[in-house]
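Coordinate inspection notes
For reference, the chains in residue letters:
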Amino acid sequence: MDDRALAVAAEVTRIAALPGSIDDRARALLVPLRRLVPFVGVCIALLDPERRRLVPLISHGYDARTRRHVAGSQILDVIESLGMHRSAAPLCLRDLPVPMATLPVWADYLWPAGFREGVSVSLFTPDGRHMGMINLHTDTPAHPTDRARDLIGMLAPTIAVALDPLRLIATSAQIVQRAQAGMVLTDSGAVVSLPGLPSHTLLRAGSPVLDVVARQLADGATYITFLCPPPTTDTPGGLLRITALACPHQPLRHLAAAVFISPPGNLHGLTPRELQILGYLVENWPRRRIATTLGVTEYAVAAHVEDIMSKLGAPNVALVALRANREGLFVPRLLSSRDPACDSTEPAGPGPGRPLGSRSVGVDRAIDAIHIHPEHRFTLAQLAGIAHLSVRRLDAGFQRRVGTSPMRYLHTVRLRRAHDDLRRADPATDTVSRIAARNGFPHSGRFAVAYRIAYGATPSETLRNRT
């Protein structure tokens, strides 16, 4: 490679690393390319595979008729007939394996317009994706030379990096903290690999997760975030966060959104059952409809909603739904109905498609009973009877779901209800002992000790400083 070729290669490499838009880099590339080929017509275009057309970034030197033809689907037929959709080898007019007269783009458009030679090269990304084309046409058969043709072929991978529309989209991964996987969703529901991130089972074309994203994009959303139970084979026992960012304005309009998977982040102590209920609340479902769908009582739903309001510090359901939607603190209805793990009480459970076992149903029964009547003096045997499980299986189910025993969970629920009552009560008409008793604490002294350990203040202090 001589000094001139080295200088051109260095300039192309420098341009590929520049920030800014694809259009800016495409225009900048014309300078080093012209040093190789004295073109009078140039077309740099990106491939839109869903609409089967080339989208020009740069198109100079052609009449309107030729520009329309080059942007049509017929040109892709020519590219495929020459094998250029699979090969990055550059082709000049003199290199064509078929007579020029058999190619309409030359016989009917370029040759009559005065073009006598040219070079075309397909652009492929490092992961092998056919991304677009470069076409340089001259008015003399002397150019491009074989050396210029070969050098353009060598530079094509670098040019592809410079013009890759996914490059800008991939930078959005920096916005998503600890992104573990990602891909790009297209308008048709297909998926495209995202440079620098692996894909994921949940991000396969046709998955319910992408259906949720597509529905919200159709409603005009540009930033989407929600929670999803993982597949059985991936991080069992936890939730995953899905984040989708609508693709910024760029030449290929079929790229709809970048979708990422990351850890769930701070869930503020919300259980999957509560996150499931939030999925219904963000869609403005009434409590009765939620109760019917979940197969629980309306009172149980109301109890869960009260706990949600307490955990999120929201005074009403409207603000709860607003915050849940904004922060992605919910499992969408389409996903919770698909996955019985969302009926659990803590981030744990089976993955998509796994049938709901008797232990899972039983633990749910016990938890609902606790939330409906926390004041009831349940024994472990009574909770096991409600769950239709042995005491040992019930305890194992609670440990798996909530990380504690059934009786400790009951104690925590009672304390939280008592705390909420103390904050709302009027000290002129209510007392600590009365509030403790109606929440299942018959001994006010023991209640006061447990309350101070949990909340760092005495019940009397909370009652006096109620909010």
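These notes cover the structure that comes with them. Small disclaimer: the values here were computed from a predicted structure and weren't measured. Residue indices follow the written sequence of each chain, beginning from 1 at its first position. This being a predicted model, a pLDDT of at least 70 is required before a residue's local features are given, and a value of 80 or more before pairs of side-chain atoms are given or counted; all residues contribute to the totals for chains, interfaces and linings. As a rule here, side-chain values cover all heavy atoms of the structure and leave hydrogens and water aside.

Our next topic: the packing of aromatic side chains. Think of a pair of aromatic rings as described by two things: how far the centres are apart, and how the planes are tilted against each other in angle. Stacked, edge-to-face and tilted labels apply to pairs of Phe, Tyr and Trp rings (six-membered ring for Trp) whose centres lie within 6.5 Å, assigned for plane angles under 30 degrees, over 60, and everything in between, in that order. Tallied over the full model, the rule gives 6 aromatic pairs. Aromatic side chains Tyr280 and Trp285 sit 4.7 Å apart centroid to centroid with 40° between the ring planes, which places their arrangement in the tilted category. Side by side, Tyr280 and Trp285 carry an identical accessibility label, which is buried. Residues Phe441 and Phe447 carry aromatic rings whose centres are separated by 4.9 Å and whose planes lie at 45° to one another, so their mutual orientation is tilted. The cut-offs for exposure are 20% and 50% of the maximum accessible area for each residue type, with area from a 1.4 Å probe on protein chains only; residues under the lower value are buried, those over the upper are exposed, and the others partly exposed.

Attention now goes to the environment of Ile75. Tracing the sequence through the fold places Ile75 in helix H4 (residues 74-81). By relative accessible area, which is 8% here, Ile75 ends up buried. Separated by 357 residues in the primary sequence, Ile75 and Val432 place their C-alpha atoms 81 Å from one another. Contacts of Ile75, omitting those with residues within four sequence positions, involve Leu54, His69, Val70 and Val105. Strands are runs of DSSP state E lasting at least two residues, helices are runs of H or I lasting at least four, and both sets are numbered from the N terminus onward. Residue contacts follow a heavy-atom distance rule, with two residues in contact if any of their heavy atoms lie within 4.5 Å.

Only strands that DSSP links by at least two bridges are regarded as paired with each other. Spatially, the 5 strands line up as an open sheet ordered E7-E6-E10-E9-E8, and their pairing is antiparallel. Two strands lie at the open edges of the sheet, namely strand E7 (191-193) and strand E8 (223-228), each paired on one side alone. Each strand of the sheet is rotated relative to its neighbour by a mean of 25°, with strand direction disregarded. Every axis corresponds to a line fitted to the C-alpha atoms, with the helix fit spanning only the stretch in contact, and the corresponding angles, defined between N-to-C directions, vary from 0 to 180 degrees. In this fold helix H8 (residues 208-218) packs onto strand E6 (181-186), E7, E8, strand E9 (240-246) and strand E10 (255-262), with an angle of close to 150° to the strand it touches most, E8.

An expected span of 1.5 Å times one less than the residue number is assigned to each helix. Compared with the 16 Å implied by 1.5 Å per residue over 12 residues, the 16 Å span of helix H16 (residues 391-402) between its first and last C-alpha is a close match. Within H16, burial applies to Leu394, Gly397, Phe398, Arg401 and Val402. The buried residues of H16 occupy an angular sector of 100° when the element is viewed end-on, so they sit on one face. Following H16 by one or two positions, Gly403 has its phi on the positive side, about 75°. Relevant arc is that of directions from the helix axis to the C-beta atoms, nothing else.

Within E10, 8 of the 8 residues are buried, which leaves the element mostly enclosed by the surrounding structure. The pairing of E6 with E10 spans 6 bridges and is antiparallel. Across the sheet, Thr186 pairs through a bridge with Leu255, a residue of E10. Note that E9 and E10 share 6 bridges and pair antiparallel. Pairing of Ala246 across the sheet is with Ala257, part of E10.

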